[in-house]
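Chain by chain, the residues:
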Amino acid sequence: MNQHALLATLAALVLLPAQAADMNKVLRVALNAPETGFDPAKVSDLYSSTVTENIFDPLVTYDYLARPAKLIPNTVSALPTISADGKVYTFRLKPGIFFAADPAFKGKKRELTAADYAYSIKRHLDPSIHSPWSFLVDGRFVGGNELVKAAGKGTLNYDAPLEGIKVLDKYTLQLTLTTTNFNFLPILAMPAFGAVAREVIEANRDNTNAHPVGTGPYLLKEWKPGSRIVLEANPGFRKLVFNATPGNDPVDKAVVQALQGKTLPQVGRIEISVIEEEQPLWLSFLNRQLDISGIPQAALQSALVIDPKDPLKVRLAEQYARQGIQLQRQLLPEITFHFFNMQDPVVGGDSKDKIALRRAIAMAFPVSETIASIRRGQAVPMNYIVPAGVAGHNPAFRGTPKYDPAAANALLDRFGYRVASDGYRTRPDGKPLAIELACGTSALDKQWNEYWQKTFDTLKIRLSFKQGKWNELSKANHQGKLQMWGMAWGADYPDGENFMQLLYGKNAGDSNAADFKNTDYDRLFEASLKLPHGPERNQLYDAMNKIVVAQQPWIFGDIRMRSTLAHRYVKGLKLHPLLGTSWRYLDLQK
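All of the points below concern the structure found in this document. Residue positions are given per chain, counted from 1 along the sequence in the order it is written. Only residues with pLDDT of at least 70 are given local features in this predicted model, and only at 80 or more are side-chain atom pairs given and counted; all residues enter the totals for whole chains, interfaces and linings. Hydrogens and water are ignored here; the side-chain numbers use all heavy atoms of the structure.

1. Description of the sheet that holds strand β5 (residues 81-82)
Two strands qualify as a pair provided that DSSP identifies no fewer than 2 bridges between them. The way it works is that DSSP assigns letters per residue, a run of H or I at least four long becomes a helix, a run of E at least two long becomes a strand, and they are numbered from the N terminus. If you trace the four strands from one edge of the open sheet to the other, you get β5-β6-β8-β7, paired in antiparallel fashion. Of all strands in the sheet, those bounded by a partner on one side alone are β5 and β7 (165-169). Bridge count for strand β6 (residues 88-92) against strand β8 (residues 172-176) is five bridges, and the pairing is antiparallel. Paired with valine 88 across the two strands is threonine 176, which belongs to β8. Those strands touched by helix α2 (residues 114-123) are β7 and β8, and its axis lies near 175° from that of β7. Any pair of residues with heavy atoms lying within 4.5 Å of one another is described as a contacting pair. For every element, the axis is a line fit to its C-alpha atoms; helices are fit only across the contacting stretch, and the angle between N-to-C directions ranges from 0 to 180 degrees.

Written as structure tokens, this is what we have:
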């Protein structure tokens, strides 16, 4: 913890449920892409998780103010006891935490128990659910593989004894891992591992994405898919009082001044709009139709005064500063990249000509230029699979090839991609060469497409665009129907494993969007799982990065600097590197 970190953390007091939120306080925010649903075992996109983290409770969470991020108990009375060999985690739940009311409970108050967490974690193992987070639990728990195997393609037997996920009593949960892992706890802080009630899931099995019921501070009041989501404060939420002592950070001091001693949440209603185009989103913020917003890339130069010698050094433009608008910035613990479908017959595979094709495209794409023009300098090049701020990052590694279109063309010439009479290249076997790049439909996507078109024109390769909504393209990607697509991956937990697994062969079709399968990479990844963060594991990560650079399943992109604005009356805001929102900590003092 640095010198600005807190000296104390939130104190959670479990008393009788106490509705503290003011239902007249309405927070208005926006998502810039449509959500896909609210079943924590079925969704993995940022937009859906932004909502679910406010409805469901994981066992542990993060201190709102402490930096680096610090795990604290959430629904448990203390952080778990962990056996000396790093295999057995034992949690003790706080009594008196209740689910939001639901018809499935038949008019009775439904208390959160250890069995709910056991059930919720097992759902990620269930073959019939196809959890996008199954890669985090597959093979992790003693007896888990056998239970999954017994299920075949059917539903998991949730009532069968499982040594690795055991309920010791009403409030005690014990997880036993197959191998030593001292880094497992942050995984359980993810929204995906929030507790659901089995009877609610079974009563709504036809569409669990539309019926989220949790123990968190908010409940789903209204949902118009892809358009509008409304959350209201959960009247049965446990009493949670904000109690922290700030260090020297002025943002921390302002948060404590606004919230100290208050019961959370303060805001009674959250109205979430889906606004995919940047200009309408920006105008909505300026017109106070939104209370918090990022700064669209097209507005960065008008909203910020950017130092031309150091674009990451900025201040808020005077016209907005005079209005009392707040600016907070954070280099995101994320990466952006474009991937090739490694099973595709044109761009995939590990033959030398396919590697040369991918390499040439990477060499011809002007990452620095897009950072300067589209990002307005508010990003840094990505050079390593693990970003800065996450355990395992290597700042000395340079994974992005030198921008050199001439050398890229020479590479294609050398591997038989000849230019035909029509001016476009053919494949080494003489067949036409054409590549399809998936993309969104926004004005910003069109800017990116101009750079991609320029890249492919430079290489004399035919390019077409497959346009679609994010959720539509995500579905197509999981079905292996995309040839190329760009993605961002933010840290779910602050450990390099969360990023290195993106190219692990067993995660192909899930988090491994490129469907990359490399025996050496997989062997090194599996070896890294057995090591704590440190030099020995970092050496493995370096070796894995070298494989990726050599095989080029990805084109490394950039790492964005997030600039967030809030109007003067929004109190309690502090960006967090891992929590998706600050909503439960906000107050509106108009």
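So that's the structure; there's more coming.
2. So, the environment of serine 582
Within the secondary structure, serine 582 is located in the loop between β25 (570-571) and β26 (587-588). With 528 residues separating them along the chain, serine 582 and asparagine 54 place their C-alpha atoms 9.4 Å apart. Of the polar contacts made by the side chain of serine 582, one reaches the backbone oxygen of lysine 574; its length is 3.2 Å. We call two N or O atoms a polar contact when they sit within 3.5 Å, provided that within protein one can donate a hydrogen and the other can accept it, with sequence-adjacent residues counted only if both atoms are side-chain atoms.

3. Considerations on the nonpolar core
Leu173, Leu175, Leu231, Phe242, Tyr521 and Trp554 are the most contacted members of the largest nonpolar core, which totals 131 residues. By residue number, the principal contributor to this core is helix α16 (residues 535-551), which donates six residues. When residues no more than four places from it in sequence are discounted, the contact partners of tyrosine 521 are Ile385, Met500, Leu503, Tyr504, Phe516, Met544, Ile547 and Val548. Think of a nonpolar core as a cluster: buried Ala, Val, Leu, Ile, Met, Phe, Trp, Tyr and Cys residues, connected wherever their side-chain atoms sit within 4.5 Å. Classification of residues uses two cut-offs on accessible area relative to the type maximum, computed with a 1.4 Å probe and protein chains only: under 20% is buried, over 50% is exposed, and between them is partly exposed. Within the second largest apolar cluster, 32 residues are counted, among which are Ala408, Trp452, Leu459 and Met484.

4. Overview of the pattern of salt bridges
In the sections that follow, a salt bridge refers to a side-chain nitrogen of Lys or Arg positioned within 4 Å of a carboxyl oxygen of Asp or Glu. The final tally for this structure, using the stated rule, is 27 salt bridges. A salt bridge links aspartate 116 to arginine 110; the nearest nitrogen and oxygen atoms lie 2.6 Å apart. The exposure class of arginine 110 is buried, given its relative accessible area of 16%. Across the pair glutamate 163 and lysine 166 runs a salt bridge whose closest N-O atoms are separated by 3.0 Å.

5. Description of the pairing of strand β15 (residues 304-307)
Pairing of β15 with strand β16 (residues 310-316), which is carried by four bridges, proceeds in the antiparallel orientation. Directly across from isoleucine 306, in β16, lies its bridge partner valine 314. Between the end of β15 and the start of β16, which pair antiparallel, lie two residues.

6. Some points on helix α6 (residues 278-286)
Of the residues making up α6, those classed as buried are Leu281, Trp282, Ser284 and Phe285. On an axial view of α6, the arc spanned by its buried residues comes to 160°, and they lie on one face. For α6, the secondary structure elements touched by its buried residues are β2 (22-31), β14 (292-294), α7 (300-303), α8 (318-321) and β24 (558-566). Looking one or two residues beyond α6, the residue adopting positive phi is arginine 288, at roughly 60°. As used here, the arc belongs to the directions running from the helix axis to the C-beta atoms.

7. Remarks on the sheet that holds strand β10 (residues 228-233)
Reading across the sheet, the four strands line up as β2-β13-β10-β9 and stay open at both edges, with mixed pairing between neighbours. Looking at the sheet topology across the chains shown, the edges are occupied by β2 and β9 (218-224). Within the sheet, the average angular offset between the axes of one strand and its neighbour, ignoring direction, is 20°. Looking at chain direction, β2 and strand β13 (residues 267-274) are connected through seven bridges and run parallel.

8. Quick notes on the side chain of glutamine 501
Of note, glutamine 501 is situated in the loop between α14 (497-500) and α15 (519-528). A relative accessible area of 2% means that glutamine 501 is categorised as buried. At 2.6 Å, the side chain of glutamine 501 and the side chain of serine 511 are in polar contact.

9. A look at unusual backbone geometry
Of the consecutive residues arginine 67 and proline 68, the connecting peptide bond is found in the cis state with omega at 0°. Positionally, proline 68 belongs in the loop between β3 (60-62) and β4 (71-73). In this chain, leucine 264 is followed by proline 265 through a cis amide linkage whose omega measures -5°. Position of proline 265 among the secondary structure elements: in the loop between β12 (263-264) and β13.

10. Quick look at the packing of aromatic side chains
By convention, a stacked pair of Phe, Tyr or Trp rings (six-membered ring in the case of Trp) has centres within 6.5 Å and planes under 30 degrees apart, an edge-to-face pair has planes over 60 apart, and any other such pair is tilted. Under the definition given, this model contains 20 aromatic pairs. Taken together, a centroid distance of 4.0 Å and an interplanar angle of 20° make the contact between phenylalanine 365 and tryptophan 452 stacked. Placement of the pair is phenylalanine 365 in the loop between α9 (352-364) and α10 (367-373) and tryptophan 452 in helix α12 (residues 443-459), with a sequence separation of 87 residues. Each member of the pair, phenylalanine 365 together with tryptophan 452, is buried. Here the aromatic rings of tyrosine 384 and phenylalanine 397 are separated by 5.2 Å at their centres, their planes lie at 65°, and the arrangement is edge-to-face. A residue pair is termed long-range when its members are at least 10 positions apart, and tyrosine 384 in the loop between β19 (379-381) and α11 (405-414) and phenylalanine 397 in the loop between β19 and α11 qualify at 13 residues. A relative accessible area of 2% means that tyrosine 384 is categorised as buried. A residue is classified by how much of its surface remains accessible, and phenylalanine 397, at 12% relative accessible area, is buried. An aromatic cluster is defined as three or more aromatic residues linked by ring pairs; in this entry it consists of Tyr47, Trp470 and Trp485. We note lysine 109 situated over the ring of phenylalanine 98; from NZ or CZ to the ring centre the distance is 4.2 Å. Criterion for a charge above a ring: Lys NZ or Arg CZ within 6 Å of the ring centre, and within 35 degrees of the ring normal.

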